[in-house]
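These are the residues of each chain, in order.
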Amino acid sequence: MATTEKTLQINGMTCSACANSIEKGLSQIEGVEKVNVNYAMERSTIVYDPDKTNVNEFMERVEKLGYSVVQEKETFDISGMTCSACATKIEKRISKMDGVSSANVNFALETIAVEYDSKQVETTDMITAVKKMGYELMPKQDGKDKIDHQEKEIKKQQNKFIFSAILTFPLLWTMVAHFEFLSFIYLPAIFMNPWVQLALATPVQFIVGAQFYKGAFNSLRNKSANMDVLVALGTSAAYFYSLYLSFEWMNAGSVGDPGLYFEAAAVIITLIVLGKLFEVRAKGKTSQAIQKLLGLQAKTARVLRDGVEQELPIEQVVTGDTILVRPGESIPVDGEIIEGRSAIDESMITGESIPIDKIAGDTVIGATINKNGSLQIKATNVGKDTALAQIVKVVEEAQGSKADIQRLADRISGVFVPIVVVIAIATFFIWYFAVTPGDLRSALIPTITILVIACPCALGLATPTSIMAGSGRAAEMGLLFKGGEHLENTRSIDTVVLDKTGTVTKGEPALTDITVTEDFTEDEVLQLVATAEDQSEHPLAQAIVLGTKEKGLSLLEATDFEALPGYGIRAIVSGREVLVGTRKLMKEQNIAILNSEASMEKLERDGKTAMLIAVDQQLAGVIAVADTVKETSKEAIKRMQELGLDVIMLTGDNQRTAEAIASQVGLSHVIAEVLPEQKSDEIKKLQDQGKKVAMVGDGINDAPALAMADIGMAVGTGTDIAIEAADITLMRGDLNSVADAIIMSRKTMRNIKQNLFFAFFYNTVGIPIAAIGLLAPWVAGAAMAFSSVSVVLNALRLQKVNLK
């Protein structure tokens, strides 16, 4: 049994008992042979069987024990990869380095994301390791640099193709003229001369084809095989066999047709270079979503400093700056309006087409458009902290991550090339010894054809191009998938659990009713309750405070405020104890509520949230607030149900209030009176029934449930996109985004399966046809090039998806 050793840097240990606890916890993982935790060095060394466990499992166990693994994450650009086998090889090499916990290569993006311990390994070590393999690792380029690099690569491939095509065309002419039905085409005799053909084919083989020889050498030196090996073997066999025939022809007196295959080698290389040109162009288009997002960013901002207005590059704006924005201009950074009012077009961030009215005190998002009013804005988030920068980061990480289906494709491509070489050699011997005994020419053609048609380029592009295009298009629609695996897994959701407040409803309740007992007056109770609730940040509390102030009542002094999650609040107001909350709270305090039960039930039947009030342990009355349903909730829930989803509303409200809201939006399944810490338990119960559950919430009270669900969806407003617990952030506060996310996931996965079909179809059908000699080498080259192009073009269809 082969074992692997990994060292993890651990944070949070305070004594040797912590080290013993971690050592014991890690030792219990199946596949772990030996664990040594050094408290002084804050380091854990683990010897394990990689077939049974992995570093991610160790990290999860350490975090469950209450500690953390110190990791840095960096993304690099890679140059020199030609197929998915290259990506797999680089990934394996970096993953085996000491201090590296994970490495994830994206062949389509030509990037690698590495999580590592900087005390054990440096980025220079990774760069050196990859360079020895024949590739180049570079710091990740952003924005204009990335576009410039793509344009240079396109120009490079274009020049190679033009040079190769000019030399190959006369050779192709000689091949075409051999077909009887094209015998009318004039063929200059000079083109049939073997030495002329050699002169034309040699630059194509060794100048244009140098990249394949270099790649093959590096690959074989590292004891692996990739597309370059197949192309180099196939074209070299055709070229050198033709060279051998040319000398034979010369020795025979330069008479007759030597039957050369220079044109096969040249045409194959030319078609592969053409395929690479199309591929590079198409791959550039798959990352257009990020380029569009980056293009939204304002380049300059008019800043008011020391009373002087000055125009500064966006990089020089700092938090706290006052920024002036005129009508029609893009808002440079995230901020808060301090003067003015306007309608703001946030469609480029949230996907919401209707401009939103904003006044002083409201927040604005950088890159949105100020429609019709002059504004003064105080900068709150600049640079990498802006909503736009975070969106770009999330989309890039999603595009660079791997879906599970891609991991399967990577494993296949890792063994595919050696298998193809074995098949090609076996085919050669079968033809040479059995089919056409002693005929080298007849045995060589199917062998070359197999080597060429079997290149696994399309297999490596099938999944990442779809993930890139799908997640990019989703971002334009206000859906941020935090990883390719979430884009994949969302399609299998069959149950959607919706938090009520702020998700189904607007989350902006208003004070509607107050009834008091005979020992109190309405104004007196309102003042006491509003003063107590003023210490709380809960939306219901703020509604009571706002409603009280609107009645012209002032607040008193409050002390000893205490929030009682799931029950209510307690505070001392002007020396009097005030309790506001549920029946459970009153029962716990032994306060009789029988006299208010009827009014409570009536308010709850009307869909209002009713709360009991007690002052100095005496029931003082009932206060009610109502949260209105979002205009789009009913339509969105209907869409989800039409998709075959079981939609459930989960809330801490009582059963009656929850059912009243549910009836307004067409829901029949409600789970009510659930404390925040119990929400995740309810998700677990549904999962235990075999359901695949998505939880949709605001990401604050719902964080444990979002983490527990198979897919967590956080409703954000653009500035809340970094909610750690969620897998998807819905930029619009609109439940239609839930249905959109599921549809987008299904369309992307369908696209991936189509791509994998294309990739496998060419290989599985092409190899046997080539083996029995029914496929010419140049046709194989064209088919191989077309397979890669067809996969990328199919993925690009996702960029045109419109769900409206």
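Relevant structure appears above.
The structure displayed is predicted, hence computed values, not measured ones. (Residues numbered from 1 in each chain as written. Predicted model: local features only at pLDDT ≥ 70, side-chain atom pairs only at ≥ 80, totals over all residues. Heavy atoms only, no water.)

A.B. asks: What am I meant to see in the overall build of the protein chain here?
C.D. replies: Looking only at helices and strands, one finds 27 helices and 30 strands in the protein chain. Counting every position in the protein chain, which comprises 804 residues, the buried fraction comes to 53%. Pairs at least 24 residues apart make up 68% of the contacts formed inside the protein chain by residues separated by at least 6 positions. Carbon and sulfur atoms make up 54% of the accessible area of the protein chain, which totals about 35,500 Å². (Helix = DSSP H or I, 4+ residues; strand = E, 2+ residues; numbered from the N terminus. Buried < 20%, exposed > 50% of the residue type's maximum accessible area, 1.4 Å probe, protein only. Contact = heavy atoms within 4.5 Å. Areas by Shrake-Rupley, 256 points an atom, 1.4 Å probe, with all protein chains shown as cover.)

A.B. asks: Would you explain helix 8 (residues 227-251) in this entry?
C.D. replies: Think of an α-helix as 3.6 residues a turn; residues three or four steps apart then line up on the same face. Taking 1.5 Å of rise per residue, 25 residues should cover 36 Å, and helix 8 covers 36 Å from first to last C-alpha, within 8% of that figure. Immediately downstream of helix 8, the backbone of G253 shows phi near 95°, a positive value. (Expected span 1.5 Å × (residues − 1).)

A.B. asks: Can you walk me through a negative patch on the surface in this structure?
C.D. replies: A contiguous patch of negative charge, built from E30, E57, E60 and E63, is present on the exposed surface. Assignment of secondary structure puts E60 in helix 2 (residues 55-64). (Patch = residues over 30% accessible without salt bridge, like charges linked within 9 Å, V, L, I, M, F, W, Y side chains within 5 Å. Salt bridge = Lys/Arg side-chain N within 4 Å of Asp/Glu carboxyl O. Lys, Arg positive; Asp, Glu negative; His and termini not counted. Charge placed at Lys NZ, Arg CZ, Asp CG, Glu CD.)

A.B. asks: What should I look at first to understand the side chain of N370 in this one?
C.D. replies: The residue N370 is located in strand 16 (residues 369-370) in this model. According to the relative accessible area criterion, N370 is buried, its value standing at 0%. Engagement of the side chain of N370 in a polar contact is seen with the side chain of S342, the distance being 2.4 Å. Non-local contacts of N370, meaning those with residues more than four positions away in its chain, are made with V325, R326, P327, G328, E329, I331, S342, A343, I344 and L375. (Polar contact = N/O pair within 3.5 Å; in protein donor to acceptor, adjacent residues only side chain to side chain.)

A.B. asks: How should I be thinking about the pairing of strand 7 (residues 111-116) in this particular structure?
C.D. replies: Side-chain positions along a regular strand alternate between the two faces of the sheet. The pairing of strand 5 (residues 72-79) with strand 7 spans six bridges and is antiparallel. Bridge pairing links F76 to I112 in strand 7. For strand 6 (residues 100-106) and strand 7, the ladder comprises six bridges, and the chain directions are antiparallel. Bridge pairing in strand 7 places V105 opposite I112. (Pairing = 2+ DSSP bridges.)

A.B. asks: Help me understand the sheet that holds strand 13 (residues 342-345) in this model?
C.D. replies: Hydrogen bonds along the backbone pair up the strands of a sheet, which may run parallel or antiparallel. Taken in spatial order, the three strands line up as 14-13-16 in an open sheet, and their pairing is antiparallel. The two strands at the open ends of the sheet, each matched to only one other strand, are strand 14 (356-358) and strand 16. The sheet contact formed by strand 13 and strand 14 spans three bridges and is antiparallel. What sits directly across from S342, in strand 14, is K358.

A.B. asks: What's the story with the packing of aromatic side chains in this structure? I'm lost.
C.D. replies: What describes a pair of aromatic rings is the distance from one ring centre to the other and the angle between the planes of the rings. For the coordinates displayed, the defined rule picks out 13 aromatic pairs. Ring centres of W195 and F247 lie 5.6 Å apart, and the angle between their planes is 65°; on these two criteria the pair is classed as edge-to-face. Here the residue W195 occupies a position in helix 6 (residues 194-208), and F247 occupies one in helix 8, the gap between them amounting to 52 residues. Given a relative accessible area of 41%, F247 falls into the partly exposed group. Here the aromatic residues F206, Y213, Y239, F240 and F262 are joined through ring pairs into a cluster of three or more. (Phe/Tyr/Trp six-rings, centres within 6.5 Å; stacked < 30°, edge-to-face > 60°.)

A.B. asks: Quick question: what am I supposed to make of the environment of D117 here?
C.D. replies: Along the chain, D117 falls in the loop between strand 7 and helix 4 (123-132). Considering only alpha carbons, one finds D117 and D98, 19 residues apart in sequence, at a separation of 8.6 Å. For D117, the contacting residues outside a window of four places in its chain are Q9, V70, Q71 and G99.

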